[in-house]
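# Architecture at a glance
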Amino acid sequence: MSSAFHTAIVPAAGLGTRFLPTTKAVPKELLPLVDTPAIEYVAREAAEAGAKKLVIVTSPTKASVANYFDENPDLEQSLTDKGKTDLVEKIQRAPKLIKAETAIQDQALGLGHAVGCAEGNLTGEDEAVAVLLPDDIILPTGALKKMAEVRQEKGGSVLLAFDIPREQISAYGVFDVRDTGSDDVKQVVGMVEKPKPEDAPSTFAAAGRYLLDRAIFDALKRITPGAGGELQLTDAIALLINEGHPVHVVVHRGGRHDLGNPAGFLRAAVDFALNTPEYGPDLREWLRERLDNS
Ligand code: G1P
């Protein structure tokens, strides 16, 4: 069995209601962290882990998300004419990273349904697929490589987990885990979407990175609406576990940004800006002054 995956699926069909009114006209996935849309970071992470193809699952009104990965020869030419080679490099970055395709989800029926919409974009080569939720920025990157190593060793599907304070757990898919002898890899014996804190089987939550055996697509056809009345990816994974399919998690000990709401997005934007030589030093100074005067 090959551990490699060629295709990364990025569900990006949501309405972005937490970012209204902006998302009336601009898809959430194109909002910039400093000057670069979050989806470019996620695409880079997938490409660095070996993905050759990015399937963006989007709604009919959000074509601009995939357009972002197209070349723009007119703009390139006009920037080249002005000698702005640094900007030419910037606009070429996304199309050079990875080949992007779209799959259309025409009804918002849930994350499981969105992932299922990408099945038609797979080829016979795809024994497993990566799924990256673009609201989750995982730092440092590299988790998918580790997950692929675990799939190579244990087979089946491998997900990324974060240890989350129990009072926040009901925003997540939560794992029921058993030790494997390694601190960072656990066997998953059950998974439940958005449990109440008192019902959560652990404090290990799904963190937006999945390496799923192709069997997930068959399971996705057999689930019924779950938490929030939606077709949940978590429920398809739980079904595979019940049927004896091996599922493990890699426990991530690094950082994470949640871009799913303005508060998390702002933190990420400040964090990314502080790390740039261009804006970091001034921003740091301004923030200090601003906080001293608050
Ligand atoms: C989704 C998944 C959930 C996962 C979370 C990670 O939930 O359904 O299992 O833990 O992403 O961000 P959402 O944030 O879309 O409600």
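Worth saying up front: this structure is predicted, and the values here are computed from it rather than measured.

Moving on, we get to the overall build of the chain. A count of helices and strands for the chain gives ten helices and 13 strands. By its C-alpha atoms, the chain is 60 × 50 × 35 Å across when sized along the principal axes. Counting only residues that meet the buried cut, the chain has 47% of its 294 residues in that class. Within the chain, contacts between residues at least 6 apart in sequence are counted, and of these 75% link residues at least 24 apart.

What follows concerns the UniProt feature "domain: Nucleotidyl transferase" (unreviewed entry) in the chain. With numbering aligned to this structure, UniProt lists the feature "domain: Nucleotidyl transferase" (unreviewed entry) at residues 8-271. For residues 8-271, helix accounts for 31% and strand for 28%, while the C-alpha atoms at its two ends are 26 Å apart.

Our next topic: the layout of surface pockets. Here the largest pocket is characterised by a volume of approximately 1,500 Å³. In this structure, the largest pocket is lined by 47 residues; those nearest its centre are Arg18, Lys28, Leu133, Asp135 and Lys194. Where the lining of the largest pocket is concerned, the elements lending two or more residues are α5 (111-116), β8 (157-163), β11 (204-213), α8 (233-242), β13 (255-258) and α9 (262-274). Among the residues forming the lining of the largest pocket, the class breakdown is 20 nonpolar, 15 polar and twelve charged.

Here we take up the nonpolar core. Of all hydrophobic cores here, the largest spans 50 residues; its most connected members are Leu33, Leu54, Ile56, Leu132 and Met147. For this core, the element with the most residues is helix α1 (residues 38-48), which contributes six residues. Ignoring any residue separated from it by four or fewer positions in sequence, one finds Leu132 in contact with Ala8, Ile9, Val10, Pro11, Val42, Glu45, Ala46, Leu144, Gly208 and Arg209. Core analysis: the next-biggest nonpolar cluster, separate from the first, contains 35 residues, Ala118, Leu159, Leu212 and Ile241 among them.

Here we come to the site of the ligand. By nearness alone, every residue bordering the ligand is listed as Leu111, Leu133, Asp136, Tyr172, Gly173, Glu193, Lys194, Ala206, Tyr210, Gln232, Thr234 and Arg256. Between the ligand and Ala206, the relevant distance is 2.7 Å, taken from an oxygen atom to a main-chain nitrogen or oxygen of the residue. Between the ligand and Thr234, the relevant distance is 3.5 Å, taken from an oxygen atom to a side-chain nitrogen or oxygen of the residue. Surface burial for the ligand is 73%, taken as the share of its 380 Å² of free accessible area covered by protein chains. Judged by the fraction of its atoms near the pocket grid, the ligand is located in the largest pocket. Class assignment for the residues of the shell around the ligand results in five nonpolar, three polar and four charged.

Scanning all chains against the criterion turns up 18 salt bridges. For the salt bridge of Arg93 with Glu40, the shortest nitrogen-to-oxygen distance reads 2.6 Å. In this pair, Arg93 sits in helix α4 (residues 85-97) while Glu40 sits in helix α1, placing the two residues 53 residues apart along the sequence. When the shortest N-O distance is used, the salt bridge between Arg222 and Asp218 registers 3.3 Å. Relative accessible area serves as the criterion here: at 43%, Asp218 is assigned to the partly exposed category. Salt bridges sharing common partners tie together Glu40, Arg44 and Arg93.

With that settled, consider unusual backbone geometry. Of the consecutive residues Leu20 and Pro21, the connecting peptide bond is found in the cis state with omega at 10 degrees. Here the bond from Leu139 into Pro140 is cis, since omega is -10 degrees, no more than 30 degrees from zero. Mapping Pro140 onto the fold places it in the loop between β7 (136-139) and α6 (143-154). In the Ramachandran plot, Val34 falls in the positive-phi region, its phi being about 60 degrees despite a non-glycine side chain. Inspection of the secondary structure assignment puts Val34 in the loop between β2 (32-33) and β3 (36-37). Assessed through its relative accessible area of 30%, Val34 is described here as partly exposed. Backbone geometry at Lys194 places phi at a positive 50 degrees, although glycine is not the residue there. On the secondary structure map, Lys194 appears in the loop between β10 (185-193) and β11. The class of Lys194 is partly exposed, set by a relative accessible area of 42%.

Our focus in this paragraph is empty space enclosed by the protein. Scanning the entire structure with this criterion turns up one cavity of 30 Å³ or more. Its boundaries defined by the atoms lining it, the largest cavity holds a volume of some 50 Å³. As for the largest cavity, its lining consists of Lys28, Glu29, Ala38, Pro134, Asp135, Leu259 and Phe265. Taken together, the residues of the lining of the largest cavity break down into four nonpolar, no polar and three charged.

About the cut-offs
- Here the residue numbering is sequential within each chain, running from 1 through the sequence in written order.
- With the structure being a predicted model, the display of local features is reserved for residues of pLDDT at least 70 and the display and counting of side-chain atom pairs for 80 or more, all residues being used for whole-chain, interface and lining totals.
- Hydrogens and waters are ignored; side-chain quantities use all the structure's heavy atoms.
- Strands are runs of DSSP state E lasting at least two residues, helices are runs of H or I lasting at least four, and both sets are numbered from the N terminus onward.
- Type-normalised accessible area, obtained with a 1.4 Å probe on protein chains alone, sets the label of each residue: buried when under 20%, exposed when over 50%, and partly exposed for intermediate values.
- Here a residue-residue contact requires only that any non-hydrogen atoms of the pair lie within 4.5 Å.
- UniProt positions are given in the numbering used here, feature names are shortened, and annotations may be inferred rather than shown by experiment.
- Any residue with an atom within 4 Å of a point lines the site, the site being either a cavity, points on a 1 Å grid over the protein atoms alone where a 1.4 Å probe fits but cannot get out, or a pocket, an open set with protein on both sides within 12 Å along at least 5 of 7 lines.
- Grid points are joined across faces, edges and corners, and a volume is the space filled by probe spheres set on the points.
- Three residue categories are used. Nonpolar comprises Ala, Val, Leu, Ile, Met, Phe, Trp, Tyr, Cys and Pro, charged comprises Asp, Glu, Lys and Arg, and polar comprises the others, including Gly.
- Side-chain atoms within 4.5 Å are what join buried Ala, Val, Leu, Ile, Met, Phe, Trp, Tyr and Cys residues into a set we call a nonpolar core.
- What makes a residue near a molecule or strand is one non-hydrogen atom of that residue sitting within 4 Å of it.
- Side-chain atoms alone can form a polar contact between residues adjacent in sequence; in general such a contact is a pair of N or O atoms within 3.5 Å, and within protein one must be able to donate a hydrogen while the other accepts it.
- All accessible-area figures derive from a Shrake-Rupley calculation using a 1.4 Å probe, and residue coverage is judged against the displayed protein chains alone.
- Criterion for pocket placement: a molecule counts as inside a cavity or pocket if more than half of its atoms are within 2 Å of its grid points.
- Salt bridge, as used here: a side-chain nitrogen of Lys or Arg that lies within 4 Å of a carboxyl oxygen of Asp or Glu.

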